[in-house]
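# Examination of the molecular architecture
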Amino acid sequence: MADASKLKARSRLGAPPAPEEASRNLQAPEAAPAPPAPYVRRDGRSMRRSHRTVAFATRVSPEFDVRIRDIAERDGLLLVEVLERALDAYEQQSGR
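Below you will find a few notes about this structure. Remember, predicted model here, so these are calculated numbers, not experimental data. (Residues numbered from 1 in each chain as written. Predicted model: local features only at pLDDT ≥ 70, side-chain atom pairs only at ≥ 80, totals over all residues. Heavy atoms only, no water.)

### Some points on the overall build of the chain
Broken down by element type, the chain carries 2 helices and 0 strands. Buried residues in the chain amount to 8% of all 96 residues. A separation threshold of at least 6 residues defines the contact pool for the chain, and within that pool the share at least 24 residues apart is 66%. (Helix = DSSP H or I, 4+ residues; strand = E, 2+ residues; numbered from the N terminus. Buried < 20%, exposed > 50% of the residue type's maximum accessible area, 1.4 Å probe, protein only. Contact = heavy atoms within 4.5 Å.)

In C-alpha cells form, the structure reads like this:
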C-alpha cells in the first residue's frame, strides 16, 4: 500500500463549516413535479375470446389507439367489435 503521509495537503477552500452552520436542505423532502404518465397500451386479449381466426394487423397513431381502446372499454366491447360497428356505420352513411 502507498504511503500517503509524504503527500503535501493542499487546501484552498479552508475548513468546512460546522454541522450547525451547514444547510438543512438535505433533510427536506424532494418537491419535484411528477413526470407525465407514460403511454401504456391496454391489452384487450385478456378481456374475452372472440373466436375470430383471420389476423388483421395495421399501424395506428397513439391517439387513435387511446380513442378506440377508450370506446371499447367504456362499452365493454372488443377492439374488433368497435371496428366492425365503425365499418357498418361507414357503409350505412355512404349508402353502400
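### Regarding a nonpolar patch on the surface
A cluster of nonpolar side chains, Phe-56, Val-60, Phe-64 and Leu-83, forms an exposed patch at the surface whose accessible area comes to about 400 Å². In this structure, Phe-56 sits in the segment before helix H1 (62–75). (Patch = residues over 30% accessible without salt bridge, like charges linked within 9 Å, V, L, I, M, F, W, Y side chains within 5 Å. Areas by Shrake-Rupley, 256 points an atom, 1.4 Å probe, with all protein chains shown as cover. Salt bridge = Lys/Arg side-chain N within 4 Å of Asp/Glu carboxyl O.)

### Regarding H1
For H1, built from 14 residues, the straight-helix expectation of 20 Å at 1.5 Å per residue is met to within 8% by its first-to-last C-alpha distance of 20 Å. Among the residues making up H1, those that are buried are Asp-65, Ile-68, Arg-69 and Ala-72. With its buried residues spanning 100 degrees around the axis, H1 presents them on a single face. Facing away from the buried side of H1, by more than 90 degrees, are the exposed residues Glu-63, Arg-67 and Arg-74. Buried residues in H1 make contact with helix H2 (79–94). Looking one or two residues beyond H1, the residue adopting positive phi is Gly-76, at roughly 70 degrees. (Expected span 1.5 Å × (residues − 1). Arc of directions from axis to C-beta.)

### Side note on the environment of Leu-83
Mapped onto the elements of the fold, Leu-83 is located in helix H2. On the accessibility criterion, Leu-83 (38% relative accessible area) is partly exposed. Along the primary structure Leu-83 and Ile-68 are separated by 15 residues, whereas in three dimensions their C-alpha atoms are 8.5 Å apart.

### Concerning the pattern of salt bridges
In total, this model carries 2 salt bridges according to the counting rule given. Across the salt bridge formed by Arg-69 and Asp-65, the nearest N and O atoms sit 2.8 Å from each other. Here Asp-65 and Arg-69 lie together in helix H1, a separation of 4 residues that amounts to about one turn. Accessibility classification places Arg-69 together with Asp-65 in one group, the buried group. A salt bridge links Asp-75 to Arg-74, with the nearest nitrogen and oxygen atoms 3.0 Å apart. The exposure class of Asp-75 is partly exposed, given its relative accessible area of 38%. Classification of Arg-74 by relative accessible area gives exposed; the value is 61%.

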